[in-house]
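One letter stands for each residue in the lines below.
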Amino acid sequence: MNLLFVVDKPIFVSSNRYMNVIKRQYGTKKVGFSGTLDPFATGCLIVATGQYTRLFQYLAKTPKTYRATLWLGAESASLDIENIQSIRDVPKVEEAKLREILASLEGELEYLPPKYSAKKIAGERAYDVMRRGGDIELPTVRSTIHELRLLHYRHPFITFEATVSEGTYIRSLGVMIAEALNLPGTLSSLRRLREGKFRIGEQEPLDPLDYLALPKNRYFGDPQWLELGKKLQPRFFEKQEEGLYVVETDKFFSILEFKEGEIKYRLNRIEKYKGRGG
């Protein structure tokens, strides 16, 4: 079974654990996902089964859009509602100032990721170290904030929408907003609305050829040579420039790398989506 689709991950379940639900639902053991969501986060999670689990790195998954609510006055070790340490009343802020702060955070940012994150340090997830009572020092990361806009402010809750590059930590972005207001704050909700071309829908199967972030190339040679993984020559292709390409035959597609006059198979003989004449 080869499927690619989007699920709406529920709150307070890890992305890994939610795959057990998908395995039972589709009656298959080979299931994978792309783009981990925190347990308290909900929304768009790209899921694949069978051969399509090999496609994640080639999918058009950026930019990503999130809707988040920042709770002013609340403090949390994990920067979300899972580890609330204290809550206090704080003064209201001027909406004009808030909009100014959001605008100032657009563009390139360098910041520290949350210590409660899936980032690996010496082969171990950062949140695993923190949950057993340890401590870590994480290196800074860089992100692009394409758009950051205020949806509404009902004190002490600020709801905003952020369109960002892959790998951006929205919990850290929320803290940066609070710090710019000289107030404590943590995220009380987080929902991913889309990842590149992927959006929350009815969990219907998707054709991966519509979602690959790679150009297509035409092959004029014998299709069996391609399907069997035999050595190919660039002169049998429409495009011969260096790069990664998707190449189709009647029932399969492959991802090939053109480099220094040679062709290497990245993925080969991936079955086409049968829902559209594959």
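Anything mentioned here points back to the structure above.
All values derive from a computational prediction rather than experimental measurement.

What counts, and where the lines are drawn
Residues numbered from 1 in each chain as written. Predicted model: local features only at pLDDT ≥ 70, side-chain atom pairs only at ≥ 80, totals over all residues. Heavy atoms only, no water. Helix = DSSP H or I, 4+ residues; strand = E, 2+ residues; numbered from the N terminus. Buried < 20%, exposed > 50% of the residue type's maximum accessible area, 1.4 Å probe, protein only. Contact = heavy atoms within 4.5 Å. Areas by Shrake-Rupley, 256 points an atom, 1.4 Å probe, with all protein chains shown as cover. Polar contact = N/O pair within 3.5 Å; in protein donor to acceptor, adjacent residues only side chain to side chain. Pairing = 2+ DSSP bridges. 1 Å grid on protein atoms, 1.4 Å probe; cavity = no way out; pocket = protein on both sides within 12 Å on 5 of 7 lines; lining within 4 Å. Points joined across faces, edges and corners; volume = space filled by probe spheres on them. Nonpolar A, V, L, I, M, F, W, Y, C, P; charged D, E, K, R; others polar. Phe/Tyr/Trp six-rings, centres within 6.5 Å; stacked < 30°, edge-to-face > 60°. Lys NZ or Arg CZ within 6 Å of the ring centre and 35° of its normal. Core = buried A, V, L, I, M, F, W, Y, C linked by side-chain atoms within 4.5 Å.

1. Focus: the overall build of the chain
Link 1 in the chain: Within the chain one finds five helices and 17 strands.
Link 2 in the chain: If one aligns the C-alpha atoms of the chain with their principal axes, the spans along those axes are about 70 × 40 × 40 Å.
Link 3 in the chain: Across the 278 residues that make up the chain, the buried fraction comes to 50%.
Link 4 in the chain: Within the chain, contacts between residues separated by at least 24 positions form 63% of all contacts whose residues are at least 6 apart in sequence.
Link 5 in the chain: Summed over its atoms, the accessible surface of the chain is roughly 14500 Å², and 46% of this surface lies on carbon and sulfur atoms.

2. What to know about the side chain of serine 15
Link 1 in the chain: Its location among the elements puts serine 15 in helix 1 (residues 15–26).
Link 2 in the chain: For serine 15, the side chain forms a polar contact with the main-chain nitrogen of leucine 37, separated by 2.9 Å.
Link 3 in the chain: In this structure serine 15 touches Lys9, Phe33, Thr36, Leu37 and Leu45, once residues within four positions along its chain are discounted.

3. Description of the sheet that holds strand 15 (residues 243–248)
Link 1 in the chain: On the basis of which strands lie adjacent, the open sheet formed by four strands has the order 14-15-16-17 and mixed pairing. One side of each edge strand has no neighbouring strand; the edge strands of this open sheet are strand 14 (216–217) and strand 17 (262–271).
Link 2 in the chain: Relative to strand 15, strand 14 runs parallel, the two being bridged by two bridges. Bridge assignment links asparagine 217 to a residue of strand 15, and that residue is valine 247.

4. Overview of the layout of surface pockets
Any space left empty among the atoms is revealed by the rolling of a water-sized probe across them.
Link 1 in the chain: Considering only enclosed or pocket space, the largest pocket measures out at about 780 Å³ in volume.
Link 2 in the chain: Around the largest pocket sit 34 residues that line it, and Thr36, Leu37, Asp38, Ala118 and Tyr169 are the ones nearest its centre.
Link 3 in the chain: Counting only elements with at least two residues in the lining of the largest pocket, the list comes to helix 1, strand 2 (31–34), strand 4 (64–72), helix 3 (126–131), helix 4 (170–180) and strand 12 (185–195).
Link 4 in the chain: Along the lines of polarity and charge, the residues of the lining of the largest pocket split into 11 nonpolar, 11 polar and 12 charged.
Link 5 in the chain: Considering only enclosed or pocket space, the second largest pocket measures out at about 310 Å³ in volume.
Link 6 in the chain: Lining the second largest pocket are 15 residues, and of these Leu79, Leu112, Pro113, Pro114 and Lys115 lie nearest its centre.
Link 7 in the chain: Broken down by element, the lining of the second largest pocket gets its largest block of residues, four residues, from helix 4.

5. Structural notes on unusual backbone geometry
Link 1 in the chain: Cis geometry marks the peptide bond from threonine 62 to proline 63, where omega comes out at 0°.
Link 2 in the chain: Its place among the elements puts proline 63 in the loop between strand 3 (42–49) and strand 4.
Link 3 in the chain: For the peptide bond that leads from histidine 155 to proline 156, omega is 5°, which places it in the cis range.
Link 4 in the chain: In the Ramachandran plot, glutamine 203 falls in the positive-phi region, its phi being about 60° despite a non-glycine side chain.
Link 5 in the chain: Residue arginine 269 is not a glycine yet carries a positive backbone phi of 55°.
Link 6 in the chain: On the secondary structure map, arginine 269 appears in strand 17.
Link 7 in the chain: A residue is classified by how much of its surface remains accessible, and arginine 269, at 38% relative accessible area, is partly exposed.

6. Regarding the environment of valine 246
Link 1 in the chain: Along the chain, valine 246 falls in strand 15.
Link 2 in the chain: Taking C-alpha positions, valine 246 is 8.3 Å from leucine 212, a pair spaced 34 residues apart along the chain.
Link 3 in the chain: Once residues lying within four places of it in the same chain are set aside, the contact partners of valine 246 are Leu209, Leu212, Leu214, Pro215, Lys216, Asn217, Phe253 and Ser254.

7. Let's talk about the packing of aromatic side chains
How two aromatic rings sit relative to each other is set out by the distance from centre to centre and by the angle between their planes.
Link 1 in the chain: Under the criterion given, the structure shown has six aromatic pairs.
Link 2 in the chain: Note on tyrosine 219 and phenylalanine 237: the rings are 4.9 Å apart at their centroids and 35° apart in plane angle, and the pair reads as tilted. Residue tyrosine 219 is found in the loop between strand 14 and helix 5 (223–227), and its partner phenylalanine 237 is found in the loop between helix 5 and strand 15; the two are separated by 18 residues along the sequence.
Link 3 in the chain: You can call tyrosine 219 buried: its relative accessible area is 16%.
Link 4 in the chain: The exposure class assigned to phenylalanine 237 is buried, which follows from its relative accessible area of 2%.
Link 5 in the chain: Taken together through their ring pairs, the aromatic side chains of Tyr219, Phe237, Tyr245 and Phe258 make up a single cluster.
Link 6 in the chain: The ring of tryptophan 225 has lysine 230 lying over it, and the distance from NZ or CZ to the ring centre is 5.0 Å.

8. Overview of the nonpolar core
Link 1 in the chain: The biggest cluster of nonpolar side chains holds 46 residues, and the ones touching the most others in it are Ile22, Leu72, Phe160, Ile170, Leu173 and Leu181.
Link 2 in the chain: Ignoring sequence-local partners within four residues, the contact set of leucine 173 consists of Leu105, Leu109, Ile145, Leu148, Phe160 and Ala162.
Link 3 in the chain: Judged by nonpolar contacts, the second largest core, of 22 residues, contains Val6, Phe253, Ile255 and Leu267.

9. Comments concerning the environment of glutamate 166
Link 1 in the chain: Along the chain, the position of glutamate 166 falls in the loop between strand 11 (157–164) and helix 4.
Link 2 in the chain: Assessed through its relative accessible area of 42%, glutamate 166 is described here as partly exposed.
Link 3 in the chain: For the pair glutamate 166 and tyrosine 219, spaced 53 residues apart in sequence, the C-alpha to C-alpha distance is 32 Å.
Link 4 in the chain: Once you skip the residues sitting within four places of it in the chain, glutamate 166 turns out to touch Lys61, Thr62 and Lys64.

Any link to function would need more than the numbers given here.
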